[in-house]
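A look at the structure
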Amino acid sequence: MKKIYPNAAAALDGLLHDGMFIAAGGFGLCGIPELLLNAIKDAGTKDLTFASNNAGVDDFGIGILLQTRQVKKMISSYVGENAEFMRQYLSGELELEFNPQGTLAERMRAGGCGIPGFYTKTGVGTVIADGKEHKDFNGETYIMEEGIFADLAIVKAWKADATGNLVFRKTARNFNPPAAMCGKTCVVEVEEIVPTGSLDPDSIHLPGIYVHRLIQGDHEKRIEQRTVRSA
């Protein structure tokens, strides 16, 4: 099965439709699948629901889709640094479902493993627990969280081989692997594609069985908050 495509638009061809549910990797500005997000913007796909740790910033990441009003709902942990997100949410134009970071990562991982739901103590007694099933185990109260089963996963990795085995760099490994797992189809952008067999099996972070399509491209290296010392 050929997994390598020439560019992001080709890799997403036939996968996009209005109203779809997309899981996106990224942590802050690290590990964001920027090429695929730009292709979704160019395709004009709208009424999208995104599960992602964050919503990017105003001109990068999912933020570019907020500017074009292509996002209907965000399932996220951290939504700071994005003035347009705040404006749309406060004006009632954008739906928001807050998830603690660990809960969101586990919801993605659970979906990838075929697990429909799990119990966690995180969020008990807060607005996170509103409307969710509560159950006591050994005298402690837990809430039910559902696994995430997305129509599409878009992911950024460092290296891949032609079969889709992935290696991530540092913080980019946070949400990208679970996001990749929970999509019915997973499309990955990488900085480098290496020959099959050249990756140390013990260094592979996500096996190629989760990856359906793959592109290589140049990526922007951003710093979220630049702090310098005065001379």
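Anyway, here's the lowdown on the structure attached to this text. (Residues numbered from 1 in each chain as written. Predicted model: local features only at pLDDT ≥ 70, side-chain atom pairs only at ≥ 80, totals over all residues. Heavy atoms only, no water.)

Looking at the overall build of the protein chain
The condition that has to hold: A run of H or I in DSSP counts as a helix once it spans at least four residues, and a run of E counts as a strand once it spans at least two, with each numbered from the N terminus. For every residue, the accessible area (1.4 Å probe, protein chains only) is compared with the maximum for its type, and the residue is labelled buried under 20%, exposed over 50%, or partly exposed between those bounds. The contact rule is simple, with two residues in contact once any of their heavy atoms fall within 4.5 Å. All accessibility values rest on the Shrake-Rupley procedure with a 1.4 Å probe; residue burial counts only the protein chains present in the view. His is not counted here, nor are the chain ends, while Lys and Arg score as positive and Asp and Glu score as negative. Charge coordinates come from a single atom per side chain, which is NZ of Lys, CZ of Arg, CG of Asp or CD of Glu.
Scanning the protein chain from terminus to terminus reveals 6 helices and 11 strands. Dimensions of the protein chain, computed from the C-alpha atoms along their principal axes, are close to 55 × 50 × 40 Å. Within the span of the protein chain, comprising 231 residues, buried residues form 47% of the whole. Restricting the contact set of the protein chain to residue pairs at least 6 apart, pairs at least 24 apart contribute 72%. Split by element, the accessible area of the protein chain, about 11300 Å² in all, is 50% carbon and sulfur. Separation between the mean location of the 24 positive side-chain charges and that of the 29 negative ones in the protein chain comes to 3 Å.

A word on the environment of Gly102
Topologically, Gly102 is positioned in helix α5 (residues 101-112). Of the residues examined, Gly102 reaches a relative accessible area of 55% and is grouped as exposed. Between the alpha carbons of Gly102 and Phe175 there is a distance of 9.8 Å; along the sequence they are 73 residues apart.

Re helix α4 (residues 83-90)
Put simply, the test is: The directions considered for the arc are those from the helix axis to the C-beta atoms. Counting of polar contacts relies on pairs of N or O atoms within 3.5 Å, with two restrictions inside protein: one atom must be capable of donating a hydrogen and the other of accepting it, and residues adjacent in sequence are counted only when both atoms are side-chain atoms.
Residues of α4 that are buried include every one of Glu84, Phe85 and Gln88, and no others. The buried residues of α4 all sit within an arc of 105 degrees when viewed along its axis, so they share a single face. Buried residues along α4 sit in contact with α3 (63-67), β3 (71-76) and β4 (95-98). Sitting at the amino-terminal end of α4 is Asn82, which places a side-chain oxygen 3.2 Å from the backbone nitrogen of Glu84. Two residues or fewer after α4 comes Gly92, characterised by a positive phi angle close to 80 degrees.

Focus: the pattern of salt bridges
Keep this limit in mind: Salt bridges are identified by distance alone: a Lys or Arg side-chain nitrogen within 4 Å of an Asp or Glu carboxyl oxygen.
According to the stated counting rule, one finds 12 salt bridges in the structure shown. Its salt-bridge partner being Arg107, residue Glu97 comes within 3.1 Å of it at the nearest N-O pair. In this pair, Glu97 sits in strand β4 while Arg107 sits in helix α5, placing the two residues 10 residues apart along the sequence. One salt-bridge network, held together by shared partners, links Arg69, Glu84, Arg87 and Glu93.

Considerations on unusual backbone geometry
Of note in this structure, Asp47 is not a glycine but carries a positive phi near 55 degrees. Here Asp47 is to be found in the loop between α2 (34-43) and β2 (48-51). Although it is not a glycine, Lys170 adopts a positive phi angle of roughly 50 degrees. Relative to the helices and strands, Lys170 resides in the loop between β9 (166-167) and α6 (176-181).

Just geometry here; none of it tells us what the structure is for.
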